[in-house]
Structure formats: structure tokens, C-alpha cells
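Now for the letters of each chain:
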Amino acid sequence: MHFQEWLRSLRSSVGLKAPESDDLRSLLPSLPLSNFSLSSFSLSPSSLLGLGALASLTAYYLVTRPRPMRPPCDLQAQSVAVNGEPSCRRSALLEDDSLLEFYYQDTRTAYDMFQRGLRIAGDDGPCLGYRKPGQPYQWISYTEVAEQAQVLGSGLLAKGCQPNPNQFVGIFAQNRPEWIISELACYTYSMAVVPLYETLGLEAMVHILNLGEYTFRYGTAVVSLCCSGHCCNVLFILPGKPKGAMITHGNIASNTSSVIKILEVCLHFHLLDVSISYLPLAHMFERMIQVVSMFCHGARVGFYQGDISLLMDDIKTLKPTFFPVVPRLLNRIYDKILGSVTSPLRRALLHYAVRRKQAELSSGVVRNNSLWDKLVFNRIQANLGGNLRFALTASAPISPTVLSFLRATLGCLIFEGYGQTECTAGCTFSMPGDWSAGHVGAPLPCAMVKVVDIPDMNYYAKNGEGEICIQGPSVFRGYLKDPERTAEALDSDGWLHSGDVGQWLPNGTLRIIDRKKHIFKLSQGEYIAPEKIENVYMRCVPVLQVFVHGDSLQSYLIGIVVPDPEVFVDWAKERGFVGSYEELCQNPDLKIAVLEDMKSVGKEAGLKSFEQVKDIYLHSETFSIANGLLTPTLKSRRADIRRVFQEQISNMYRKTAI
């Protein structure tokens, strides 16, 4: 048999494609193949058998080797300039500037999405899961959920509720099946849901109640009358006086459709998928996850027991395929993995395995069945149930180091998104195939995103930098009964001004680089208003000036404190500390005393634990106009203070343990 004929028979027997057979040919010695036949070899039968086995194994590898994920667009051009203006961009997945409103023609409301899942799952398809300690999950079927929602909705009408979007129904409960059933009951009869949660505080809760008359479901929370343009959710946003963001069914449909559109090349949700619900349902991030990936496709949602300390046990029991997560939890997983590796040999093996998996990621390969997964990462993956296909992180920025590490170790698709409640959760999203870190992806197909000038901060759109603004069908209608703040958020052309500062990267993705307003998030997603905290700490006797700083990659605050020269020496002497003003500012024990006094004042003023600083640096020179740390109106130049004290800030985060 001639070699060419043998190769053709091998190709047909294993389904080898022409390019792959060329690879096989290149692996064999250079031979005059045109007149070469196997019979010309003077080899023993066992040698010929070995050659055939080698060729077969090579062919098997070429057929089964991991294939890189095919991205849905050119990863070097993930967004397109709108009307030739580079500062304003849309998704490269769109054919033109028309933004995506619906993916499925039969799903234009949240009610429609659940009904679609009901049809896919069938009468007995499991929908909502719950468990008691030490027991397996129990499931409520789609049919049961739909029936209970209709009964509850009918009961609300019988109690005087009106079937229209001006009827607000408050739900005050932890994540549990009854929360979703109550929400669906409202959607069934076109009523608006107002999620409430305990960290709002008493004052904020009273303000919300005064905005309208509510029907309440406490501890729990037909023909569809929903219209895509009607308000279906009013989500209140802190800090400060709560603002009720009005979210419509059309907002939800466009946002969910955009995520489905992006993922269609790499991930198809199905009724065997399951998600773990533990992030607050009062936030749009968690709500969109359930609508997008679960209910719309007949999949399941299992609820944690309500105790965050039992979350990992819930995850192991549930074995989710989809894991919504915030950076703080990913940071804990990262720290726990590194902390569990004690010996130098195991640590070296871990880092080598991570580098090998990251090399695969850089070529577009995402898998959990490599040699390194079996040898090194299997226990890590088993701790998260062992079935993960997809994870999504949002709510706050995540460190590129942590994200790259976990993409390698968990062996699943991990995407990062950016947005806010006012644009129905997301406006940018990682592109499948782009496993780089340090950005938040390209615009979703439902949104146009632009940056606008901020002269005071030296950011200009011509340089691809500025305040991030969003326009499209996912942008909210405004704040409930608050036209003044609505006008601050939405300009006359319908652009939502986010308050975040972004930078367009050459590949069309967006990077978050700053915050326009002095409000930011910690890594766990808690909003911080630093000026409010600073005003509280200024009440401390030894404190003259204070600058509160938070890093969105960190879970806590630190502060730069200038003690009052007129009282600090005497205040310190009363506590047994003696020295000059400058010497006392350098005394580590006195610094602890100042910090404890600040925390005491903060507690009396009602600051929450995450609003209290965990470390401070005592500085002996006052902030002034002369040294460039105060404005002419005596306001802090926050960006300049952060720059001047960058070394001290970095040192405090490096050494402070919580």
C-alpha cells in the first residue's frame, strides 16, 4: 500500500480534515512520498504496529485537541465609532447604529420571559430550589410557581391593589422562592415591584414609604397585562437621600437580549443549567441574571440558606453551572487558594500550572479537562460544585491579577460587566474570546456609550477619556417623583451621565479610570460618600482635617488625618504621650488612639461598619491653597491629595489586615 493511500484511508477512518492530515504529515520524517510504500520498509511486524499506533495517536490528538473559541467579532475592533466620532461607540455585533431591543420576538416583558421558560421546561420542570441545613435541595416546578404567582396576584387585587404600573408593591425579604413568586404576581397584573432591604436604614425606609402608598409582602414577598413601556420596578439607590430608579419591561428585555446576543457563539443556556441566588434581589444585577440565563431558558435557580457563612456548602450541594459573583468573593477564593498552598514545591507547581492554563487562555482555549485541571485544579473546581460553565463578575472592578488567575484555575468562562441601576445593570460586557483583563469590555448591543469632557479633571473626549454616558433602550425612565435629580442624570438628548470616568482602549473596549463625583464603591459593592464620613470625623477633638479614601479593589477605607495643632499636644498628654507636634504625629501608639476616637465618634453618628476607616496616616502639615490641596473655596482637591499621599495609601493597604 502506498503511503498516500494509507494516509487517505486513515483520514477517512478517523474523520481527519485536510489541514490536520497535513499536520500529521509534518510530524513524520521527510520521505519521498510519491514512490514510497509501506512494503518497502524492512521492519518487523511489531515495529510496523508501533508506527501505526503512533500515527493513530497523533491523528486522535489532532482531532480532539482543544480548539480556540471563535470570537463573534474582530477582537482588535470590538466597538465601532458612531457617525465617525471615536468618543461615541456601539457594539461591533450590530449591523448598523440601530440598537438591539429584543432577541426573541415573543419575549418583550419580564412576564413573557418566564412564560417562555415555562413552555421550555414543561409542566414538571424544576424552577426554584431551597434547602434546609444538611439536606438536599427541594424544587418548586415552573407550573407551581406560575400558579402561586397568579393566586397571589389575584389576592392582591382582592385586597384593593390596582392592576396598573402605578400600583407599587414592596417586597422586604431575603432571597427565597417567595420573593420571585411575589415579583411574578406583580408582573402578571402589571403592578410595579419596589425591592426593599435592611441596609437602607430607618430614615431611608421612611422616605421611600412617603413617596407613595405601598402594598407589602413581608417575608414572602391569568392573562399578561404587561406593556414593555410600563414601569415594572422601582429600585432605590443609596447613598444619601434614596432615589427610586424606574425600570421598564423594555429596559429589562433589551438588556437581557444583549447579553444573550453576545454569548450566542459560545454559550447556550438550557433547562439543565442552574444558578445559585445569594446576591441581593433588591439589586438589578441579581435580577437580570435570573431573567437572562435562567427563567428565559427554562433553567433552575437555587437559593442559599440565608446565611453567608453556609454559602460554600450550598454551592457544593447545588452544583451550579452559572455563578454570579462580586469581586470581594473572588478575592476571597483567590486568597484561600494561595493560602492553602504551603510547601514551596506545591506553590511552584501551582504557579506553573496557572501559567500553562493562562497560555491556553491567551490563544482562546477555555477548558477544565487539561492535565493541569486533573492534577492541580480539580479540588478547587470541586469546591464550587464541579459543574461551572459560566461566571459573571460585576458590581465593582476586579484586579486583573485575580481575574486572570481564576480564569485559569476554575476552567470556565468568566466575564466582566460594567453598568449601574439606571441602565438596567449593564452597558458593557466582555467579548467571548477576549480573555485579557484590565477593562470592562465593549458596549452591549442595547447601548451607545460615549465619553464627554471633564475640564476640571483634565479629561477630554478628544483623547478618548471623559465621563461615561449611556444612551439606548436599556436606560431608565428617571427617578420616581424626583425631576430635579432626574435632570441631573439624564440630559435633554436622553444620555445617562454615569459619574464614572472612562477611557477607550485601541481595541474598542472601555477602561474605568476615575470617578467624577465623590462617590465610589468598595470591592463588595457598597457605595461610599466620603465627604459625609469626613464631616463626621471632623467632630473628633484631635482632628483638624481628614481625607477618606477608598479603593474599589479593596473592601475597606483608610484616611489621611491632620491633627489640630492647637489641641493635639494637650490631648495626647492626657493619654500619656509627650513630645512635639511633629513627633506625636509619628507615634504609632498615638495614631491608634486617634483612630479609636474617630471610630467612637463615627459609631455615635450612625456610620455603618464599612463606612469606618480601618487605618489612618497622621500628617503634620495642613491642607491649604498654597500647597495645592485645597481649592479657593477651601474644598479638598481629592485627586491631588490622593496623588500626594499615594505612597502612604499603598502602604496602609499593604499592611492593614481585617
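Above this note sits the structure.
Residues numbered from 1 in each chain as written. Predicted model: local features only at pLDDT ≥ 70, side-chain atom pairs only at ≥ 80, totals over all residues. Heavy atoms only, no water.

1. Examining the overall build of the protein
(1) Moving on: Counting secondary structure elements, the protein contains 21 helices and 25 strands.
(2) Moving on: Burial statistics for the protein: of 658 residues in total, 53% are counted as buried.
(3) Moving on: With an accessible surface of roughly 30000 Å², the protein has 53% of that area assigned to carbon and sulfur atoms. (Helix = DSSP H or I, 4+ residues; strand = E, 2+ residues; numbered from the N terminus. Buried < 20%, exposed > 50% of the residue type's maximum accessible area, 1.4 Å probe, protein only. Areas by Shrake-Rupley, 256 points an atom, 1.4 Å probe, with all protein chains shown as cover.)

2. With respect to the sheet that holds strand 18 (residues 465–471)
(1) Moving on: With antiparallel pairing, six strands are arranged side by side in an open sheet as 1-2-17-18-19-20. Each having just a single partner strand, strand 1 (79–82) and strand 20 (510–515) make up the two edges of the open sheet. Each strand axis lies, on average, 45 degrees off the axis of its neighbour in the sheet, ignoring direction.
(2) Moving on: Where strand 1 meets strand 2 (residues 85–91), four bridges bridge the pair, whose relative direction is antiparallel. Residue pairing across strands places Val 82 opposite Glu 85, the latter belonging to strand 2. (Pairing = 2+ DSSP bridges. Axes fitted to C-alpha atoms, helices over the stretch in contact; angles between N-to-C directions.)

3. Things to note about the sheet that holds strand 24 (residues 557–563)
(1) Moving on: In space, the three strands of this open sheet follow the order 23-24-25, with mixed pairing throughout. The strands lining the two open edges of the sheet, one partner per strand, are strand 23 (543–550) and strand 25 (613–618). Averaged over all adjacent pairs, the angle separating strand axes in this sheet is 25 degrees, with direction ignored.
(2) Moving on: Sheet analysis places strand 23 next to strand 24, joined by seven bridges and oriented antiparallel. Among the inter-strand pairings, Phe 547 is bridged to a residue of strand 24, identified as Ile 560.
(3) Moving on: Across the sheet, helix 16 (residues 530–537) is in contact with strand 23, strand 24 and strand 25; its angle to strand 23 comes to roughly 150 degrees. (Contact = heavy atoms within 4.5 Å.)

4. A few points about helix 4 (residues 110–121)
(1) Moving on: If you check helix 4, its first and last C-alpha atoms are 17 Å apart, about what 12 residues at 1.5 Å a residue would give, namely 16 Å.
(2) Moving on: Buried residues of helix 4: Ala 110, Tyr 111, Met 113, Phe 114, Arg 116, Gly 117, Leu 118 and Ala 121, and no others. (Expected span 1.5 Å × (residues − 1).)

5. Details of the nonpolar core
(1) Moving on: Membership of the largest hydrophobic core comes to 126 residues, with the highest contact counts inside it found for Phe 323 and Phe 390.
(2) Moving on: It is helix 6 (residues 177–188) that provides the largest number of residues to this core, a total of seven residues.
(3) Moving on: When neighbours within four sequence positions are excluded, Phe 390 is seen to be in contact with Leu 263, Leu 267, Phe 269, Thr 321, Phe 322, Phe 323, Cys 412, Leu 413, Phe 415 and Phe 429.
(4) Moving on: Judged by nonpolar contacts, the second largest core, of 42 residues, contains Cys 585, Val 601, Ile 616 and Ile 649. (Core = buried A, V, L, I, M, F, W, Y, C linked by side-chain atoms within 4.5 Å.)

6. Points about the side chain of Gln 545
(1) Moving on: Along the chain, the position of Gln 545 falls in strand 23.
(2) Moving on: The exposure class assigned to Gln 545 is buried, which follows from its relative accessible area of 15%.
(3) Moving on: At 2.7 Å, the side chain of Gln 545 forms a polar contact with the backbone nitrogen of Phe 623.
(4) Moving on: Residues contacting Gln 545, with those up to four places away along its chain left out, are Met 538, Ile 560, Val 561, Val 562, Thr 622, Phe 623 and Leu 630. (Polar contact = N/O pair within 3.5 Å; in protein donor to acceptor, adjacent residues only side chain to side chain.)

7. So, the packing of aromatic side chains
(1) Moving on: Overall, the coordinates contain 19 aromatic pairs when judged by the stated rule.
(2) Moving on: Relative to Trp 372, the ring of Tyr 352 has its centre 5.4 Å away and its plane inclined at 75 degrees; by these criteria the two rings are edge-to-face. Linking Tyr 352 in helix 12 (residues 344–362) with Trp 372 in helix 13 (residues 371–382), this pair joins segments that are 20 residues apart in sequence.
(3) Moving on: A relative accessible area of 39% means that Tyr 352 is categorised as partly exposed. (Phe/Tyr/Trp six-rings, centres within 6.5 Å; stacked < 30°, edge-to-face > 60°.)

8. Quick notes on the packing of helix 12 against helix 13
Geometry of a packed helix pair, given as the angle between the helix axes and the separation of the axes.
(1) Moving on: Where helix 12 meets helix 13, the closest approach of the two axes is 10 Å, and the angle between their N-to-C directions is 140 degrees. By the angle between their directions, the pair helix 12 and helix 13 is classed as oblique. Both helix 12 and helix 13 take part in a crossing whose hand is left-handed. Facing Leu 349, Leu 350, Tyr 352, Ala 353, Val 354, Arg 356 and Lys 357 of helix 12, the residues of helix 13 in contact are Trp 372, Asp 373, Val 376 and Phe 377.
(2) Moving on: Residues belonging to the contact of helix 12 with helix 13 are distributed by class as follows: eight nonpolar, no polar and three charged. (Parallel < 35°, antiparallel > 145°, perpendicular 65-115°, else oblique. Left-handed = near helix turned anticlockwise from the far one by under 90°. Nonpolar A, V, L, I, M, F, W, Y, C, P; charged D, E, K, R; others polar.)

9. As for the packing of helix 13 against helix 14 (residues 400–410)
(1) Moving on: Running from amino to carboxyl end, helix 13 crosses helix 14 at an angle of 105 degrees, the nearest separation of the two axes being 8 Å. Between helix 13 and helix 14, the interaxial angle falls into the category roughly perpendicular. Every residue of helix 14 that contacts helix 13 at Asp 373, Phe 377, Ile 380 and Gln 381 is listed here: Ala 408, Thr 409 and Leu 410.
(2) Moving on: For the contact of helix 13 with helix 14, the per-class residue count stands at four nonpolar, two polar and one charged.

10. Considerations on the pairing of strand 6 (residues 192–196)
(1) Moving on: In terms of residue burial, strand 6 counts as a mostly covered element, since five of its five residues are buried.
(2) Moving on: Residues Ala 192, Val 194 and Leu 196 line one face of strand 6 and the alternating positions Val 193 and Pro 195 line the opposite face, and both faces are buried.
(3) Moving on: Judged from the five bridges that link them, strand 5 (residues 168–172) and strand 6 form a sheet pairing that is parallel. What sits directly across from Gly 170, in strand 6, is Val 194.
(4) Moving on: A crossover links strand 5 with its parallel partner strand 6, the connecting element being helix 6, and its sense is right-handed. (Right-handed = clockwise from strand over helix to strand, strands pointing away.)

11. Examining unusual backbone geometry
(1) Moving on: With a phi angle near 60 degrees, Ser 190 is a residue other than glycine that sits in the positive phi range.
(2) Moving on: With respect to the helices and strands, Ser 190 occurs in the loop between helix 6 and strand 6.
(3) Moving on: Ser 190 sits in the buried class, given a relative accessible area of 7%.
(4) Moving on: Phi is positive for Ala 425, which is not a glycine, with a value near 95 degrees.
(5) Moving on: The topology assignment puts Ala 425 in the loop between strand 14 (413–418) and strand 15 (428–429).

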